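Analysis of the macromolecular model
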Amino acid sequence: MYIIFPCILLILVICALTMTWRKKCVMKKLCHMSVKEKLCRLNELVRPFGFEYLLSQDIFTSLHDAWQRDFGYCRLYDNSASLAGMVFDCEPVYFDYKGCTWLIELWKGQYGINTGAEIGIYKADSLISRGQRSTTLFHTVPDEDLPFYEITLHDMNAPLYRVAQRHWWLTGFRMGYYREPEQLTLKAEITFPSYEMLNAFVRGLTECGYSYSDLEICRQHISFEFGTPHTRQPRCRQRIRSAFAQWKNRIFLRLYCHVTNDFCFTMDKLLYLCEYMPFAFRHMMHIRHKKKRRRKRHVC
């Protein structure tokens, strides 16, 4: 007994010294890297997750060829989101166009330790009824049918970021930030490839509960704000589960801030985590996990 305790204490001291030495080595390595090197390195690491880092806005956004494109969308993703730490408001807008039922959906809220927003476009294989919408798998659309999006996420009237691109799933996630979904407002501007598609989408918006006074329309362009949802929210039926998910998100956010408090910028924080705590880096990058990827990912 008298020998075991000193041995355990010695092992703990050695581990602490080793971790301290390793931390100093990682910090020294980062200090000797240029901003361009850091940016390239971080984007190499996050690309397998389907994202890229935009230094100018300090956010992560989805790639046009992200692996998530293969899986489309179904209502189950939103209904089970809180199990993965995602608590958000969503606004699905269904409309019929070109002999199929289409869906443009908007999201805003908390994704783990990230505050963010999304807008995506999907379509079914045919026209479907209202009763089939919750069980239908929607597919992503070909490039020629993609609208041009511009989304601006506001936090209590203060803009957090703005991204604009022709995309199937345009996103923006600010890491190390916490907000409740109701504190956020998403301004969406969409330019459609045709007048017919715009008119069909407007009919879908009015069916959701939007009035024409909420919309600004000019030619093939429409803009509107998504603040208070007009549709029933999954998280309202899962209040306890959503509250527990937000509690965990706040805990993980405090841990993230504590571990990375030697750095000011997200880029430095994540590169530090990747070198010093690879498992934590992988956890941080599961921003929007819709379905398990089937092939292995090798990072760090």
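No experiment lies behind these values; they were computed from the predicted model shown.

**Structural notes on the sheet that holds strand S10 (residues 184-191)**
With antiparallel pairing, the five strands of this open sheet are ordered in space as S8-S7-S10-S12-S11. A single partner strand is all that each edge strand has here, and the edge strands are strand S8 (158-166) and strand S11 (216-218). The average undirected angle you get between the axes of adjacent strands in this sheet is 10°. Two elements, strand S7 (residues 148-155) and S8, share eight bridges in a ladder whose sense is antiparallel. Bridge assignment links Tyr149 to a residue of S8, and that residue is Gln165. The strands that helix H4 (residues 195-208) touches are S10, S11 and strand S12 (221-226); relative to S12, the one it contacts most, it runs at about 20°.

**Some remarks on H4**
For an α-helix the count is 3.6 residues per turn, leaving residues at separations of three or four pointing the same way. Along its 14 residues, H4 runs 20 Å from first to last C-alpha, staying within 8% of the 20 Å computed at 1.5 Å per residue. Within H4, burial applies to Met197, Leu198, Ala200, Phe201, Val202, Gly204, Leu205 and Cys208. Against the buried residues of H4 lie strand S3 (86-97), strand S4 (100-111), strand S5 (114-123), S10, S11 and S12. Just downstream of H4, Gly209 is the residue with a positive phi angle, here 125°.

**So, the confidence of the model for the protein**
Scored by pLDDT, the protein comes out at a mean of 87, with 84% of its residues at no less than 70. Element-level pLDDT for the protein is lowest in helix H1 (residues 4-31), with a mean of 58, against a maximum mean of 98 in S10. Predicted confidence for residues 290-300 stays below pLDDT 50, and this span has 23 contacts to residues more than four positions away or in other chains.

**Some words on the nonpolar core**
In terms of nonpolar packing, the biggest core is built from 61 residues, with Ile119, Phe201, Ile222 and Phe224 touching the most fellow members. Residues Leu45, Ile113, Leu270 and Leu271 belong to the second largest nonpolar core, which totals 20 residues.

**Some thoughts on the environment of Gln57**
Position of Gln57 relative to the elements: it lies in the loop between strand S1 (51-54) and strand S2 (59-62). Considering only alpha carbons, one finds Gln57 and Val163, 106 residues apart in sequence, at a separation of 8.9 Å. If sequence neighbours within four positions are ignored, Gln57 has contacts with Tyr161, Arg162, Val163 and Arg174.

**Overview of a nonpolar patch on the surface**
A cluster of nonpolar side chains, Phe244, Trp247, Ile251, Phe252 and Leu255, forms an exposed patch at the surface whose accessible area comes to about 480 Å². As for its position among the elements, Leu255 is in helix H5 (residues 239-259). Leu255 sits in the partly exposed class, given a relative accessible area of 48%.

**What to know about the packing of aromatic side chains**
Each pair of aromatic rings is reported with the distance of its centres and the angle of its planes. Following the criterion strictly, the structure yields 19 aromatic pairs and no others. Joined through ring pairs, the aromatic side chains of Phe95, Tyr97, Trp102, Phe192, Phe201, Tyr210 and Phe224 make up one cluster. A cation over a ring is seen here: Lys108 above Phe226, with NZ or CZ 5.2 Å from the ring centre.

**Remarks on the environment of Glu144**
Position of Glu144 among the secondary structure elements: in the loop between strand S6 (139-140) and S7. For Glu144, a relative accessible area of 56% gives the class exposed. For the pair formed by Glu144 and Pro193, sequence separation is 49 residues and the distance between their alpha carbons is 8.1 Å. Not counting chain neighbours up to four residues away, the residues in contact with Glu144 comprise Arg166 and Pro193.

**Remarks on the packing of helix H2 (residues 35-46) against helix H6 (residues 266-276)**
Here H2 crosses H6 at 60°, and the two axes come no closer than 10 Å. The angle between H2 and H6 falls in the class oblique. When you trace H2 past H6, the crossing you get is left-handed. On H6, the residues that touch Val35, Lys38, Leu39, Arg41, Leu42 and Leu45 of H2 are Met267, Asp268, Leu270, Leu271, Cys274 and Glu275. Its residues assigned to classes, the contact of H2 with H6 shows eight nonpolar, no polar and four charged.

**Digging into the environment of Glu275**
Assignment of secondary structure puts Glu275 in helix H6. The spacing of Glu275 and Leu30 is 245 residues in sequence and 9.6 Å in space, taken between C-alpha atoms.

Rules used throughout
- Residues numbered from 1 in each chain as written.
- Predicted model: local features only at pLDDT ≥ 70, side-chain atom pairs only at ≥ 80, totals over all residues.
- Heavy atoms only, no water.
- Pairing = 2+ DSSP bridges.
- Helix = DSSP H or I, 4+ residues; strand = E, 2+ residues; numbered from the N terminus.
- Axes fitted to C-alpha atoms, helices over the stretch in contact; angles between N-to-C directions.
- Contact = heavy atoms within 4.5 Å.
- Expected span 1.5 Å × (residues − 1).
- Buried < 20%, exposed > 50% of the residue type's maximum accessible area, 1.4 Å probe, protein only.
- pLDDT = per-residue confidence, 0-100.
- Core = buried A, V, L, I, M, F, W, Y, C linked by side-chain atoms within 4.5 Å.
- Patch = residues over 30% accessible without salt bridge, like charges linked within 9 Å, V, L, I, M, F, W, Y side chains within 5 Å.
- Areas by Shrake-Rupley, 256 points an atom, 1.4 Å probe, with all protein chains shown as cover.
- Salt bridge = Lys/Arg side-chain N within 4 Å of Asp/Glu carboxyl O.
- Phe/Tyr/Trp six-rings, centres within 6.5 Å; stacked < 30°, edge-to-face > 60°.
- Lys NZ or Arg CZ within 6 Å of the ring centre and 35° of its normal.
- Parallel < 35°, antiparallel > 145°, perpendicular 65-115°, else oblique.
- Left-handed = near helix turned anticlockwise from the far one by under 90°.
- Nonpolar A, V, L, I, M, F, W, Y, C, P; charged D, E, K, R; others polar.

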